[in-house]
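Observations on chain architecture
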Amino acid sequence: AQSVAQPEDQVNVAEGNPLTVKCTYSVSGNPYLFWYVQYPNRGLQFLLKYITGDNLVKGSYGFEAEFNKSQTSFHLKKPSALVSDSALYFCAVRETRSASKIIFGSGTRLSIRP
Amino acid sequence: IAGITQAPTSQILAAGRRMTLRCTQDMRHNAMYWYRQDLGLGLRLIHYSNTAGTTGKGEVPDGYSVSRANTDDFPLTLASAVPSQTSVYFCASSDSGGRAPYNEQFFGPGTRLTVL
């Protein structure tokens, strides 16, 4: 069965420092991987995705994520955090053989202090 | 372009009552989804529809039903609400399903439902 784990409920970073939000996954086939962001009282917004090819994926707002097949990870990164990056971040995986089954992680709250 | 709209924004409901949450999209996406979001559990898929006229069960379908009479609308019905259905409900759509499963989902603003 496919699953996604976000091991950190909260990540705290000072503004200007690099940030990493961790995600690991488990699927039986090849994965499609996604990151979404949720601001307070809003729906989720798409940030970036990995389909195939280059392991480093660049997305919106300066975020990027690195796909690591051997470690089954897809960590979200940003070189320099902004206070406005403070939000709830979700990793999601969709198994290529079953397009309807997309699984979301439990979410990581990112807090950027000035 | 509105994207996805959901109604109502919030609702307080007595246990045992029937309730329909509405979802409409104007992007002509083939696939639509209903999720519930609970603290510490992330988003869990309730039901989905890959195309108009078809629906499928997600991770937590019990107590919920859906219909997909046309491309744009995907209502979620709670036949007899229970307190454990207190949650925030999100509708989403994507131009994917079997044709392009790697396309991202677009989410509505959510419905906050409280069942007493």
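Just so you know, these numbers come straight off a predicted model, no measurement behind them.

Cut-offs applied
Residues numbered from 1 in each chain as written. Chains lettered and ligands numbered in written order. Predicted model: local features only at pLDDT ≥ 70, side-chain atom pairs only at ≥ 80, totals over all residues. Heavy atoms only, no water. Phe/Tyr/Trp six-rings, centres within 6.5 Å; stacked < 30°, edge-to-face > 60°. Helix = DSSP H or I, 4+ residues; strand = E, 2+ residues; numbered from the N terminus. Buried < 20%, exposed > 50% of the residue type's maximum accessible area, 1.4 Å probe, protein only. Lys NZ or Arg CZ within 6 Å of the ring centre and 35° of its normal. Disulfide = S-S within 2.5 Å. Salt bridge = Lys/Arg side-chain N within 4 Å of Asp/Glu carboxyl O.

Evaluation of the coordinates by the stated rule reveals 13 aromatic pairs over all chains. Considering the side-chain rings of A:Phe63 and A:Tyr89, the 5.5 Å spacing of their centres and the 50° angle between planes classify their relative orientation as tilted. Residue A:Phe63 is located in the loop between strand E7 (56–58) and strand E8 (64–68), and its partner A:Tyr89 is located in strand E10 (residues 87–95); the two are separated by 26 residues in the primary sequence. An identical accessibility class is assigned to A:Phe63 and A:Tyr89; each is buried. On the basis of an interplanar angle of 85° and a centroid distance of 5.3 Å, the ring pair of A:Phe104 and B:Tyr35 is categorised as edge-to-face. On the criterion of chain membership, the pair formed by A:Phe104 in strand E11 (residues 102–104) and B:Tyr35 in strand E4 (residues 31–38) is interchain, its members lying in two chains. An identical accessibility class is assigned to A:Phe104 and B:Tyr35; each is buried. Here A:Lys78 stacks its cationic end above the ring of A:Phe63, 5.0 Å away from the centre of that ring.

Okay, the state of the cysteines next. Linking two cysteines covalently via their sulfur atoms produces the bond known as a disulfide. Residues and elements named next belong to chain A. Taken as a whole and judged by the stated rule, the model has two disulfides over all chains. Sulfur-sulfur distance for the disulfide between cysteine 23 and cysteine 91 comes to 2.0 Å. What sets the handedness of the cysteine 23 and cysteine 91 disulfide is the S-S torsion sign, and at about -65° it is left-handed. With a gap of 68 residues between them, cysteine 23 in the loop between strand E3 (19–21) and strand E4 (24–26) and cysteine 91 in strand E10 connect regions that are remote in the sequence. The same class applies to cysteine 23 as to cysteine 91, namely buried.

This part takes up the pattern of salt bridges. One pass over the full model with this rule turns up seven salt bridges over all chains. One salt bridge in this structure joins A:Lys77 and A:Glu66, with 3.5 Å as the shortest N-O distance. With A:Lys77 in strand E9 (residues 73–78) and A:Glu66 in strand E8, this pair connects stretches of sequence that are eleven residues apart. With a closest N to O distance of 2.9 Å, B:Arg28 and B:Asp72 form a salt bridge. You can see B:Arg28 sitting in the loop between strand E3 (19–25) and E4 and its partner B:Asp72 sitting in the loop between strand E7 (64–66) and strand E8 (76–78), a full 44 residues away along the chain. Residue class for B:Arg28 comes out exposed when judged on its relative accessible area of 57%.

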